[in-house]
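Each chain is listed here by its residues.
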Number of protein chains: 2
Amino acid sequence: MPSLLPSLLIDRRDLDFQLYDVLRVQDLTARDRFAEHSRETFDASIDTALRLAERYFAPHNRKSDLEEPRFDGSRVHVTPEVREALDAFSKAGMMAAGQDFELGGMQLPHTVALAGFGLFKAANMATASYPMLTMAAANLILAHGSEEQKARYVPNMLAGRWIGTMALTEPHAGSSLADIRTTAEPAGDGTWRLTGNKIFISGGDHDLSENIVHMVLGRVRGAPAGIRGISLFLVPKFLVEPDGSLGRRNDVALAGLIHKMGWRGTTSTMLNFGEGEGAVAWLVGEPSQGLSYMFHMMNEARIAVGLGAVMLGYTGYLHALDYARSRPQGRPAGAKDPSTPQRPIIEHADVRRMLLAQKAYVEGGLALCLYAARLVDERRTAADEGARREAGLLLDILTPLVKAWPAQYCLEANDLAIQVHGGYGYTREYPVEQFYRDNRLNPIHEGTNGIQALDLLGRKVTMEGGAAFRLLAREIRAAIDRAASGEAAGHAADLARTWDLIERVTSTLAAGPSDRALANASLYLDLVGHAVVAWMWLRQAVAVREHPDAAFRSGKLQACRYFFHYELPRARAHAEVLLSLDPTLLDMRPDWF
Amino acid sequence: MPSLLPSLLIDRRDLDFQLYDVLRVQDLTARDRFAEHSRETFDASIDTALRLAERYFAPHNRKSDLEEPRFDGSRVHVTPEVREALDAFSKAGMMAAGQDFELGGMQLPHTVALAGFGLFKAANMATASYPMLTMAAANLILAHGSEEQKARYVPNMLAGRWIGTMALTEPHAGSSLADIRTTAEPAGDGTWRLTGNKIFISGGDHDLSENIVHMVLGRVRGAPAGIRGISLFLVPKFLVEPDGSLGRRNDVALAGLIHKMGWRGTTSTMLNFGEGEGAVAWLVGEPSQGLSYMFHMMNEARIAVGLGAVMLGYTGYLHALDYARSRPQGRPAGAKDPSTPQRPIIEHADVRRMLLAQKAYVEGGLALCLYAARLVDERRTAADEGARREAGLLLDILTPLVKAWPAQYCLEANDLAIQVHGGYGYTREYPVEQFYRDNRLNPIHEGTNGIQALDLLGRKVTMEGGAAFRLLAREIRAAIDRAASGEAAGHAADLARTWDLIERVTSTLAAGPSDRALANASLYLDLVGHAVVAWMWLRQAVAVREHPDAAFRSGKLQACRYFFHYELPRARAHAEVLLSLDPTLLDMRPDWF
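Criteria and cut-off values
- Residues numbered from 1 in each chain as written.
- Chains lettered and ligands numbered in written order.
- Predicted model: local features only at pLDDT ≥ 70, side-chain atom pairs only at ≥ 80, totals over all residues.
- Heavy atoms only, no water.
- Helix = DSSP H or I, 4+ residues; strand = E, 2+ residues; numbered from the N terminus.
- Buried < 20%, exposed > 50% of the residue type's maximum accessible area, 1.4 Å probe, protein only.
- Contact = heavy atoms within 4.5 Å.
- UniProt positions renumbered as here; feature names shortened; annotations may be inferred.
- Buried area = accessible area lost by both parts, 1.4 Å probe.
- Salt bridge = Lys/Arg side-chain N within 4 Å of Asp/Glu carboxyl O.
- Polar contact = N/O pair within 3.5 Å; in protein donor to acceptor, adjacent residues only side chain to side chain.
- Nonpolar A, V, L, I, M, F, W, Y, C, P; charged D, E, K, R; others polar.
- Pairing = 2+ DSSP bridges.
- Least-squares fit on C-alpha atoms with pLDDT ≥ 70 in both.
- Phe/Tyr/Trp six-rings, centres within 6.5 Å; stacked < 30°, edge-to-face > 60°.
- Lys NZ or Arg CZ within 6 Å of the ring centre and 35° of its normal.
- Disulfide = S-S within 2.5 Å.
- Axes fitted to C-alpha atoms, helices over the stretch in contact; angles between N-to-C directions.
- Parallel < 35°, antiparallel > 145°, perpendicular 65-115°, else oblique.
- Left-handed = near helix turned anticlockwise from the far one by under 90°.

Attention now moves to the overall build of chain A. Broken down by element type, chain A carries 19 helices and 12 strands. Over its C-alpha atoms, taken along the principal directions, chain A stretches across nearly 80 × 60 × 60 Å. Taking all 593 residues of chain A together, the buried fraction comes to 65%. Within chain A, counting contacts between residues at least 6 apart in sequence, those at least 24 apart form 74% of the total.

The next subject is the UniProt feature "domain: Acyl-CoA oxidase/dehydrogenase middle" (unreviewed entry) in chain A. The UniProt record marks residues 166-253 of chain A with the feature "domain: Acyl-CoA oxidase/dehydrogenase middle" (unreviewed entry), using the residue numbering of this structure. Between the C-alpha atoms that bound residues 166-253 of chain A the distance is 16 Å, and the span itself is 0% helix and 49% strand.

To continue, consider the interface of chain A and chain B. Facing 93 residues of chain A, the contacting portion of chain B comprises 93 residues. Surface buried jointly by chain A and chain B totals about 8000 Å² across both partners, of which 56% is contributed by carbon and sulfur atoms. Among the residues of chain A in contact with chain B, Tyr426(A), Arg570(A) and Phe593(A) are the three that bury the most area, contributing 12% of the side total. One salt bridge connects Arg570(A) with Asp526(B), and the closest N-O pair in it is separated by 3.5 Å. Where chain A touches chain B, the interface holds 64 residue pairs in polar contact (both at pLDDT 80 or more). Among the elements that take part in the side of chain A that touches chain B, helix α17 (residues 550-572) of chain A stands out by supplying 12 residues, more than any other. Here the residues of the side of chain A that touches chain B sort into 41 nonpolar, 25 polar and 27 charged.

Put simply, side chains in a regular strand alternate between the two faces of the sheet. All names here are of chain A. By the criterion of burial, strand β6 (residues 211-220) is predominantly enclosed, with 10 of the 10 residues buried. Looking at chain direction, strand β3 (residues 162-167) and β6 are connected through six bridges and run parallel. Paired with Trp162 across the bridge in β6 is Asn211. Looking at chain direction, strand β4 (residues 183-186) and β6 are connected through two bridges and run parallel.

A separate point is the relation of the copies chain A and chain B. When chain A is fitted to chain B, the residual RMSD is 0.0 Å, and the transformation amounts to a turn of 180° plus an axial shift of 0.0 Å. Classification of the inter-copy transformation places it as that of a two-fold axis. For chain A, the minimum C-alpha distance to the rotation axis belongs to Arg570(A) and amounts to 2.5 Å. Comparing contact sets, 100% of the residues at the interface of chain A also lie at the interface in chain B, consistent with an isologous, same-surface contact.

Right, let's talk about the pattern of salt bridges for a bit. Summed over all chains, the structure comprises 88 salt bridges over all chains. Among the salt bridges present, the one from Arg374(B) reaches Glu378(B), with a minimum N-O distance of 2.7 Å. In this pair, Arg374(B) and Glu378(B) are both assigned in helix α9 (residues 349-381), four residues apart and thus about one turn of the helix distant. On the accessibility criterion, Arg374(B) (13% relative accessible area) is buried. Its relative accessible area of 16% is what places Glu378(B) among the buried residues. Ionic contacts of the salt-bridge type, sharing partners, join the residues Asp14(A), Lys359(A), Glu363(A) and Lys556(A) into one network.

What follows covers the packing of aromatic side chains. Residues and elements named next belong to chain A. All told, the structure shown has 39 aromatic pairs over all chains when counted by the stated rule. Look at Tyr371 and Trp535: their rings are 5.1 Å apart centre to centre, the planes differ by 70°, and that puts the pair in the edge-to-face class. Taken together, the positions of Tyr371 in helix α9 (residues 349-381) and Trp535 in helix α16 (residues 521-543) put the pair 164 residues apart, joining distant regions of the chain. The burial state of Tyr371 is the same as that of Trp535; both residues are buried. The structure contains a cluster of three or more aromatic residues connected by ring pairs, namely Phe57, Phe89, Phe117 and Phe120. Above the face of the Tyr20 ring, Arg39 is positioned so that its terminal group lies 3.6 Å from the ring centre.

Okay, the state of the cysteines next. As enumerated under the stated definition, the model contains zero disulfides over all chains in all. Counting only cysteine sulfurs, Cys410(B) is the nearest neighbor of Cys369(B), a cysteine outside any disulfide, at a range of 7.5 Å.

What follows covers the packing of helix α10 (residues 385-421) of chain A against helix α11 (residues 432-439) of chain A. All names here are of chain A. Contact pair α10 / α11: the axes reach a minimum separation of 9 Å and the direction vectors enclose 160°. With respect to their mutual orientation, α10 and α11 come out roughly antiparallel. Our pair here, α10 against α11, has a crossing hand that is left-handed. Every residue of α11 that contacts α10 at Cys410, Leu411, Asn414, Asp415, Ala417, Ile418 and His421 is listed here: Val432, Glu433, Phe435, Tyr436 and Asn439.

Following this line, the structure appears as structure tokens:
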């Protein structure tokens, strides 16, 4: 039975609105892959996710923050509630929500599966990261592994018995994956022996599962330097016997636990591969294709990171809203009589500013991430090849924004949630400070926001002769046209002006020297990101017209107004620097600091 | 002997530049009060502070973050290094750095004393808060207490034997101090019996000192409701016998410790006064004057908060700079050959952006806080009464900015310091994440930033018929004139345009309905704050012309350029909302969220 209290993980009215009114995911049921689904089965999957997230994930969120995983010299101990949560998650089939029926999956559209998974992130980011990594590793094996690898590993992973990791970063090679040194030599029997040190491996060791399946980037000895020489290996913690039982422990040693600002319930590890005879490894797919396999998966991983940032921002917003409605403090200007009772702080304009900003960030960010997920569904299942291609192109150009914009602005939402709580928000007796700390990782991992900016301006905008950028422009202008009459007409005109500016900026940058253009890539990302989220708000303003709930409708329109009046002008202010190809950053010399 | 390595607490070249070239504090030695001082004695006091901060405060900064004060049922235990640090601090006379010689003080100008104290904040904000509170409490007693109170408490406080607190907030009364309920009744012997509950009392209990001197806001029973009925009481933890020895324990009970996001080395307490027979209390000054006494002290307390935010930002910046110079990662655009060695990340334009932003925030913030401290010196010691009055007016209007701007932007600097460090910055193995967490308190305490915005727009701008605002405008325009030729001429013109805009905004707001004007007060504060910091940068750009260190000079000019090109336009973008008296915040209804 659902709780009678409104959830503090999501505003369900909003999620339903985004899925069914804005994105019309119910239309997907007309496609073969989703023919057995209906709005009812979608709703049921979301209901289940919400129930499990509230029952098994949220209650130990603070506990795993306070009681970090610890290494006793032989084992890494994790709060037992994490295992219970993973069991409940796997038993309900959530690990395979988007997978084929034949793999035991629910074959849900990616949009619906991701929306459901977001609820676990909102409830407990640290615990949710174990299934997230497992699903990502399983997808890599499914996409590029041999039949034997699929049969041996994937069913155990989708059942939640074995947990996956992504072992990319090395101590000297984070943003610069081209420099990784982990090396593999053939053992002569079809397997490889891997040697190298990895760092920041989430879930790299723990007592949560019988086995751990590491997906490791390394180079075949003698492979060329740089990204072209990187291969993908599968390295299990325990070797798997032909009958599927677990054999001896592989040569993968925990070199240490890393202690983070937040996200503390997820073990973060340094791992040494091959301190002894070499870690037994299996090549996944072709040699030297490792990074392209990873990047193949990266679009979806980056949507997942963006959505994680959104969901932490979203639950923080709902907590701040709840607090602002119930906390009496002060009186409105003009009614200062101290003998009258204090009023809920939501009545103060500045508190409303902070709540509206949060609402604009998290609902705008949610719209963006789900739009991207919808593109994944289009790319996979649209009937028409042209539509699939266009969806892929749009997804390519949007991915850096989907990752970076929520990571910045939904983190900002968490900051505002603390501020709404005042002194209480700064204490660990309230949850919002943890949301902030957990969210602070998102602008860093899966490619820092600075890397996303270079990806957007240096690669995506110009890819295929600018085809992705033109497609994005077409979609935005179509939304502007659809909003050109009615309540949002002013915003539509505003976005049209902003997009004209962006086109001017983009061609100026393209015509300028690339070092001067790229130096300001972060500002470009912020400008385009805000315009894209403004587009998401415009889409919502149009879709909400027919909504039966008048208060919901007014709230959407007011948050849209907030975004256009208060946010967009600040992003447009970057245009001066961009149009002048301002060399201030480029000219600064290290010894001048 | 000073360390051979450059300090990570401050760039001493910059501090010297700000004190002597920009603010010319050496000119103060011409005044009677500072006649025994010279640049040499000022330098010596800063040298001592830096040495003590590095030797006694910095080394346990992480330890007190990890090992929070704990209550064993009878005593609150604090890491012993805190006591050692306080001893060293007091023995060096730092507790009385600005006090009269006759009180055993050094009689330093406030500007110099504050600059020195800032180094302790940079080294260890939590430990520095004990002397900060003690000095503030001692100053309150010195300003408003009886001769007996001064004699009984102040010498022990300035010697660091007794530690002070400020007990203002109650569980239901934080921003709204008008609503405090703590009540005092006369005991008939000149003392009072105090009853009430206080929360967020930093240093409210600990084992660091023989006694604790609480400065408590409460109301005499029967006093009028609201701020007019609030009095200031002195309530020692242990009663003091006539011979100065400590008597019985007062009726002040620890109701609990509060666990914070940062600033963890400072005990934060809930205190119950008068659970038994009533806490024995002494009235300080006149009844019903308590809040005015507090506000009297508040200008300086708010400069101290602003400076604390700056110093955390500053040390974070220096750590990020150090990391960026030494961490190789990736290669510049156009030199991607993976067989060449990786390059220090300071060579990447986006890392320079983050470092320049930090530099612009922390050096601009330092200039602002020290400028305000210099006004305190002017108000106290300028020969001419008109000059003293003007300094007081300028200080009044600048105070909300001095508190709020660094609290926001030097916190942002800490956020950028984490980002420069990448994944490492997110770990507790590096110090920058703690700087962020410690700094996050500053936008909340001593009046939230939202309260500062209302203070600026609702009170300070219009005070004395707009006299303070006009004075500020006069000073800014004078600086613009001084910069009108030379390298900063373009920036001067830019600031002139911005200030014209601010004057237009200010009169529009003054002419509009006050609820619509005040609804956007936070944006007004951001706009004026950025303009004021731009003014600080312009002053530095002029003062640096004669500086002998060419790299330092170029760095200052580049940071100034960064601030004018990258920062100021974003603040100016608020003008649209302000000029239209945008009612979006005001119109938002609680049930629309």
